[in-house]
Amino acid sequence: MSASGFPEPVVQRAKVLFAEEETSLHRQTDRLFAGLLVFQWLACIAVALAFSPRAWQGTESSVHPHVYAAIFVGAALALPACALVWKQPGCTSTRHAIALCQALFSALLIHITGGRIESHFHIFGSLAFLAFYRDWRVLLSASAIIAADHAVRGLYWPASVYGMSLVQPWRFVEHAGWIVFEDTFLIASALRATHKLRALSLHQAGAEASQARVEAQVQERTLELARARDQALEASRQKSEFLANMSHEIRTPMNGILAMTESLIGSGLTRQQAEQAQTVRSCSSTLLAMLSDMLDLSKLESGKLVLDELDLNLFTLGEELRHVLLARAQAKGLAFELKLLPGVPHYVRGDPLRLRQVLLNLGDNAIKFTEHGWVAIEIELVPSHTAGCRLRFRVRDSGIGIQEELRGHLFRAFSQLDASSTRKHGGGGLGLVISQRLVESMGGQLGVESTVGVGSTFWFELEFKPASAGADEPKPALPLRAIAPSADPRRLRVLIVEDNPVNLRVLQSMLQRLGHTCLSAGNGETGLAAIELEQPDLVLMDCQMPVLDGYEATRELRRRERGERHQIVIAVTANALLGDREDCLAAGMDDYLSKPVEAKSLAAMIELWRARMLPPVPST
Amino acid sequence: MAGVDTLGMPLLARGRRPLVLFACAVWLSVLLVGFSALARHSAEPCLPALAPERWPAAAPIARAAQQPTLVLFLHPLCPCTHATLAELEVLLQRWEGELSVETVFTVDTDADGQWMENDSFREAAHIPGVRLSIDRGGRIAQLFGARTSGQVLLYAADGRRLFAGGITLARGHLGDNQGIEALDAWMRGASGAASATPVYGCGLVLPLTAGSPRE
């Protein structure tokens, strides 16, 4: 610790700061003086031209010696000093040379103005200007030069400084005294400013030291935070990986359980056995639905959801919803209605899968919480300021309603309004949360209005871009490989590429019941060979397989086809996370079935693609 | 090559120091020579008048019969004229009404414009009690033997020449000087006052036959 109370490094730093600031000041003042000296040079020439332009000899004239003096003596004063400022700014020798030149400029100016008393003020102005250096030595240099000039002139030519030929010795003292008088104040001012600069440097050094400490702490904390973030990201990545694996690992056996249960139900069981098997199927379905919800939520929360933007037929979507929900409503004895109000366009651009999922969730929810009465879905057009259209979707029911104070809990994950152990309605409490997140990701907001005992209305509004030109025109036929004309068009040759024997057996069982012929391959590589050899009508492709997975196998297939033919490939996978369908389509597959595959879904899918593969009917 | 110190200040290499010192010496010598030449030019007296001892009878300007008459010869374009007129004004403030003053501007025979309309005439006309004369071709100056602008001649009432010299202490330089002191002394009637002082200024316009004063 130093005498000033600051640590020694701070004091040392303060010295450096002071020296830097002082040098900066000296350099700045040097530059000012360089400008001033050049200005004075030009001013002296102007003064000489104004006061004594020409010397006369009768009627003849020549340039007055004062003009030459102003040009050449002025240059000898201004230019070397400027060169020093250029080459050695801030140096001690530079400012002392400037002091010398400035003092001699006073002498030159006084001389060429004929000793006018006004020009003597230049001396005092020069001293004040030199005080900008805050260096008392510079003031002494200039003062010494002025005093020496007076002394020499007083000795050899007194008239040039005192205005008279005979001068008393005290005149020199008087002139020097006035210089000292001014110097006293200027030097005091310079010392004071220097003292203040030292104090400021010390404070700045102290502040820098504090800042450095704070910055070091911030850096340390930042590193800790970065480490924590990395750990969190790694944990999140591991969680996603785990979920993806779990999705596959759980769905595969569930697929087997459901399919085998279904087979069991259709295998002539006793009534009691059939009821038990149906209970197994129902429990498995519920378990699978909850698992799907959890996986969907996980995907949404990780921000990995990518929305599709496709031409979407609202009427087709409505029909699908009606088909699914009507059956469920009727099973509970409820009326169900789906209305597309006038003005709703046939086609818009959006993500049909997500929109269908939201409406199905809300519809399912409405049916679940309605014991008597009805459930309705309405789609209406609302005014929009954009080029597209804005649609409002309402899912209404005459159910039990929701108390106002409980509505805040509706959209919280894993939260149910009736959390009691005796609650009547099942489910994981994720449906509404997923719906809300999906609506938000599509740019809307999900809202609810409800009256207890009367019913509830869940609604949301979404902005859609207009459908692409020709969206409602019939689509041209895909370049599909047509079914062999000789074959029975209802019987297809289906290649199942699947590594899991249970899944393989399930699919084979279903396909055989549907009347199709089955071929099989254990991984992507053998699958590609089988496609080449057997040329099946349709391929059901598992995604996760050893040797060559379904994605890579499909990519390779598309490369080999080179656009000349198109083998229909339908992904059948237990990867049930949101976005997996997009991955399959991106790999070149034509459609997607999620495991466990229901017989009805498989039949519908095959029927859809069989229709597309039929050769065009010749016109008669 | 010279390096820099910790603050970026250039350091002078040892080998270059004699060169720098030599350059400084040359520079200071140039300044010394310049200022010395300037001082010498200012302080070097010019040609004094070859003035007649008595007032020339042929002079076209009048001499006062009751008081001394001061004749000042000026070149209207000489830069030193302003200093001389300033000194004359100071002198006349002390001897107002006791001294008759004739200012003679020597100009070219066909002078106009620049010669006749300038500050020298206006300044001279502004001094109270001063009469102005234009001496075309310099015949009056020749008559009085004046050769340098700023030449002052003081004649007594009886026509005797009392003083001949300049009233500035150097070329175009203001300030107390021996010329003014001598005139003051003559006006006070002091015996033994200086009768001549150096004169500083340009050469007057004179007839071609006249001597050629140097500037």
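This structure is a prediction, so every number in the text was calculated from the model and none was measured.

1. Thoughts on the pattern of salt bridges
Side chains bearing opposite charge may pair, as long as their charged atoms lie close to each other. Residue and element names in this part refer to chain A. Overall, the coordinates contain 33 salt bridges over all chains when judged by the stated rule. The shortest N-O distance in the salt bridge between R349 and D311 comes to 2.9 Å. Note that R349 is positioned in strand β5 (residues 347-350) and D311 in strand β3 (residues 310-313), a separation of 38 residues in sequence. Owing to a relative accessible area of 23%, R349 belongs among the partly exposed residues under this scheme. Judged by relative accessible area, which is 26%, D311 ranks as partly exposed. The salt bridge involving R560 is made with E556; its shortest N-O contact spans 3.1 Å.

2. Focus: the sheet that holds strand β4 (residues 151-155) of chain B
All names here are of chain B. Pairing in this open sheet of five strands is mixed, and the strands run β3-β2-β1-β4-β5 from one edge to the other. The open sheet has two edge strands with one neighbour each: β3 (130-136) and β5 (161-165). Sheet twist, expressed as the average angle between the axes of neighbouring strands with direction ignored, equals 15°. Of the strand pairs in this sheet, strand β1 (residues 69-74) and strand β2 (residues 100-107) are connected by six bridges, and their pairing is parallel.

3. Some thoughts on unusual backbone geometry
Residue and element names in this part refer to chain A. The phi angle at Q535 is positive, at roughly 45°, despite the residue not being glycine. Along the chain, Q535 falls in the loop between α13 (524-534) and β12 (538-541). Residue class for Q535 comes out partly exposed when judged on its relative accessible area of 40%.

4. Some points on the sheet that holds strand β14 (residues 591-594) of chain A
All names here are of chain A. Taken together, the five strands give an open sheet; going across it, the order is β11-β10-β12-β13-β14, and neighbouring strands pair in parallel fashion. Looking at which strands have only one partner, the edges of the open sheet turn out to be β11 (517-521) and β14. Taking each pair of neighbouring strands and ignoring which way they run, the sheet shows an average axis angle of 25°. With four bridges joining them, strand β10 (residues 493-497) and β12 adopt parallel strand pairing. When the sheet's bridge partners are listed, I496 is paired in β12 with L540.

5. As for the environment of N118 of chain B
Residues and elements named next belong to chain B. With respect to the helices, strands and loops of the structure, N118 is situated in the loop between β2 and α3 (119-126). Under the relative-accessibility criterion, N118 is labelled buried at 9%. Filtering out sequence-adjacent residues up to four positions away, N118 remains in contact with P76 and L77.

6. Some remarks on the interface of chain A and chain B
Listed per partner, the contact involves 43 residues of chain A and 38 residues of chain B. The tally of links between chain A and chain B comes to zero salt bridges. Here chain A is connected to chain B by six residue pairs in polar contact (both at pLDDT 80 or more). Among the elements of the structure, α1 (8-51), β1 (54-57), α2 (65-87), α3 (92-112) and α6 (159-162) of chain A are those that each provide at least two residues to the side of chain A that touches chain B. Here the side of chain A that touches chain B gets eight residues from one element, more than from any other, and that element is α2 of chain A. Partitioned by chemical class, the residues of the side of chain A that touches chain B number 22 nonpolar, 15 polar and six charged.

7. Quick word on the confidence of the model for chain A
Residues and elements named next belong to chain A. Counting all residues, the mean pLDDT for chain A is 83, and 88% of those residues have values of 70 or more. Per-residue pLDDT stays below 50 along residues 419-423; that stretch engages in two contacts with residues further than four places along the chain or on separate chains. Note on residues 482-486: pLDDT is under 50 here. Beyond four places in sequence and across chains, it has seven contacts.

8. Details of the environment of A259 of chain A
Residues and elements named next belong to chain A. Structurally, A259 can be placed in helix α7 (residues 170-265). A sequence separation of 340 residues divides A259 from A599, and the C-alpha atoms of the two residues are 8.1 Å apart. When near neighbours in sequence (up to four residues on either side) are disregarded, A259 contacts V506 and M510.

9. Some remarks on α3 of chain B
Residue and element names in this part refer to chain B. Turning to α3, its buried residues are S120, F121 and A124. Considered in projection along α3, the buried side chains sweep an arc of 100° and stay on one side of the axis. Across from the buried face of α3, at angles greater than 90 degrees, the exposed residues are R122 and H126. Residues of α3 that are buried in the fold lie against α2 (81-94), β2 and β3.

10. Let's talk about a nonpolar patch on the surface
Residue and element names in this part refer to chain A. Taken together, the side chains of F121, F124, W178, F181 and F185 make up a nonpolar region of the molecular surface, amounting to roughly 580 Å² of accessible area. Among the elements of the structure, α4 (121-130) and α7 are those that each provide at least two residues to the nonpolar patch. Broken down by element, the residue count for the nonpolar patch peaks at three residues, all from α7.

11. Details of the nonpolar core
L77, I98, F105, L108 and L130 of chain A are the most contacted members of the largest nonpolar core, which totals 49 residues. Breaking this core down by element, the ones donating at least two residues are α1, α2, α3, α4, α5 (136-156) and α7 of chain A together with α1 (17-43) of chain B. The element that contributes the greatest number of residues to this core is α3 of chain A, accounting for 13 residues. Ignoring sequence-local partners within four residues, the contact set of I98 of chain A consists of D30, F33, L37, A81, V85, L130 and Y133 of chain A. If you look at the next biggest cluster of nonpolar residues, it comprises 43 residues, including V375, I377, I402 and L430 of chain A.

12. Focus on the packing of α1 of chain A against α3 of chain A
Residues and elements named next belong to chain A. Contact geometry of α1 with α3 gives a least axis separation of 10 Å together with a crossing angle of 15°. By the angle between their axes, α1 is roughly parallel relative to α3. Taken as a pair, α1 and α3 cross one another with a handedness that is left-handed. Where α1 abuts α3, its residues H26, D30, F33, L36, L37, Q40, W41, C44, V47, A48 and F51 lie against T94, R95, I98, C101, Q102, F105, L108, L109 and I112. Residue classes in the contact of α1 with α3 are distributed as 14 nonpolar, four polar and two charged.

Rules and cut-offs
- Residues numbered from 1 in each chain as written.
- Chains lettered and ligands numbered in written order.
- Predicted model: local features only at pLDDT ≥ 70, side-chain atom pairs only at ≥ 80, totals over all residues.
- Heavy atoms only, no water.
- Salt bridge = Lys/Arg side-chain N within 4 Å of Asp/Glu carboxyl O.
- Helix = DSSP H or I, 4+ residues; strand = E, 2+ residues; numbered from the N terminus.
- Buried < 20%, exposed > 50% of the residue type's maximum accessible area, 1.4 Å probe, protein only.
- Pairing = 2+ DSSP bridges.
- Axes fitted to C-alpha atoms, helices over the stretch in contact; angles between N-to-C directions.
- Contact = heavy atoms within 4.5 Å.
- Polar contact = N/O pair within 3.5 Å; in protein donor to acceptor, adjacent residues only side chain to side chain.
- Nonpolar A, V, L, I, M, F, W, Y, C, P; charged D, E, K, R; others polar.
- pLDDT = per-residue confidence, 0-100.
- Arc of directions from axis to C-beta.
- Patch = residues over 30% accessible without salt bridge, like charges linked within 9 Å, V, L, I, M, F, W, Y side chains within 5 Å.
- Areas by Shrake-Rupley, 256 points an atom, 1.4 Å probe, with all protein chains shown as cover.
- Core = buried A, V, L, I, M, F, W, Y, C linked by side-chain atoms within 4.5 Å.
- Parallel < 35°, antiparallel > 145°, perpendicular 65-115°, else oblique.
- Left-handed = near helix turned anticlockwise from the far one by under 90°.

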